[in-house]
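# What the coordinates show
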Amino acid sequence: QVQLVESGGGLVQAGGSLRLSCAASGRTFSSNTMGWFRQAPGKEREFVAAISWSGTATHYADSVQGRFTISRDNAKRTVYLQMNGLRPEDTAVYYCAMSPIATMAASVYDYDDWGQGTQVTVSS
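Further remarks concern the side chain of Ser52. Here Ser52 shows up in the loop between strand 5 (46-51) and strand 6 (58-60). Excluding its chain neighbours within four sequence positions, the residues that come into contact with Ser52 are Asn32, Thr33, Ala57, Arg72 and Met104.

Spelled out as structure tokens, the structure:
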């Protein structure tokens, strides 16, 4: 069993930045694809970014491409999401997740372990 704990959310003005962290404990972290998703009130959970086990491959949703950066530190068992140029439409609860498959995964159904989420609110 794996436990994922997100941190770093908060309230920020439009144009600002936040860095989310997700610490993993339990089963192997360094061999798993990790992803970030978000869910706004009344909307479905949507893909934000994913990173391969080695960190050499990344994939982003079109809505965050060029503004967000996903990274990982396998020694610290932590994955990060650097968010720059934040917009009000980025407001959501952000979740990190672990996938058992090796290739880039952008569907919620590709992930079987989830954190509890951290709130990000962007004011206009």
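What follows deals with the packing of aromatic side chains. Enumeration according to the criterion identifies four aromatic pairs in this entry. Look at Phe37 and Phe47: their rings are 5.6 Å apart centre to centre, the planes differ by 75°, and that puts the pair in the edge-to-face class. Here Phe37, found in strand 4 (residues 33-39), pairs with Phe47, found in strand 5; they are 10 residues apart in sequence, far enough to count as distant. Of the residues examined, Phe47 reaches a relative accessible area of 12% and is grouped as buried. Each member of the aromatic cluster is reached from another via a ring pair, and the members are Phe37, Phe47, Tyr111 and Trp114. Above the plane of the ring of Tyr80 lies Arg19, whose end atom (NZ or CZ) is 4.0 Å from the centre. Looking at Arg72, its charged tip hangs above the ring of Phe29, at a distance of 4.5 Å from the centre.

What counts and what doesn't
- Residues take numbers from 1 onward in each chain, read along the sequence in its written order.
- Reporting of local features is limited, given that this is a predicted model, to residues whose pLDDT is at least 70; pairs of side-chain atoms are given and counted only at 80 or more, and all residues count toward the totals for whole chains, interfaces and linings.
- Side-chain metrics in this entry use all non-hydrogen atoms of the structure; hydrogen atoms and water are not considered.
- Segments assigned H or I by DSSP are reported as helices when at least four residues long, segments assigned E as strands when at least two residues long, and all are numbered from the N terminus.
- Contacts: residue pairs with any heavy atoms within 4.5 Å of one another.
- Between the rings of Phe, Tyr and Trp (Trp by its six-membered ring), a pair exists once the centres lie within 6.5 Å; its type follows the angle of the planes, with under 30 degrees stacked, over 60 edge-to-face, and the other angles tilted.
- Only protein chains enter the calculation, and the probe is 1.4 Å; a residue is then buried if its accessible area is under 20% of its type maximum, exposed if over 50%, and partly exposed in between.
- As a reminder, the over-ring test applies to NZ of lysine and CZ of arginine, requiring each to be within 6 Å of the ring centre and within 35 degrees of the ring normal.

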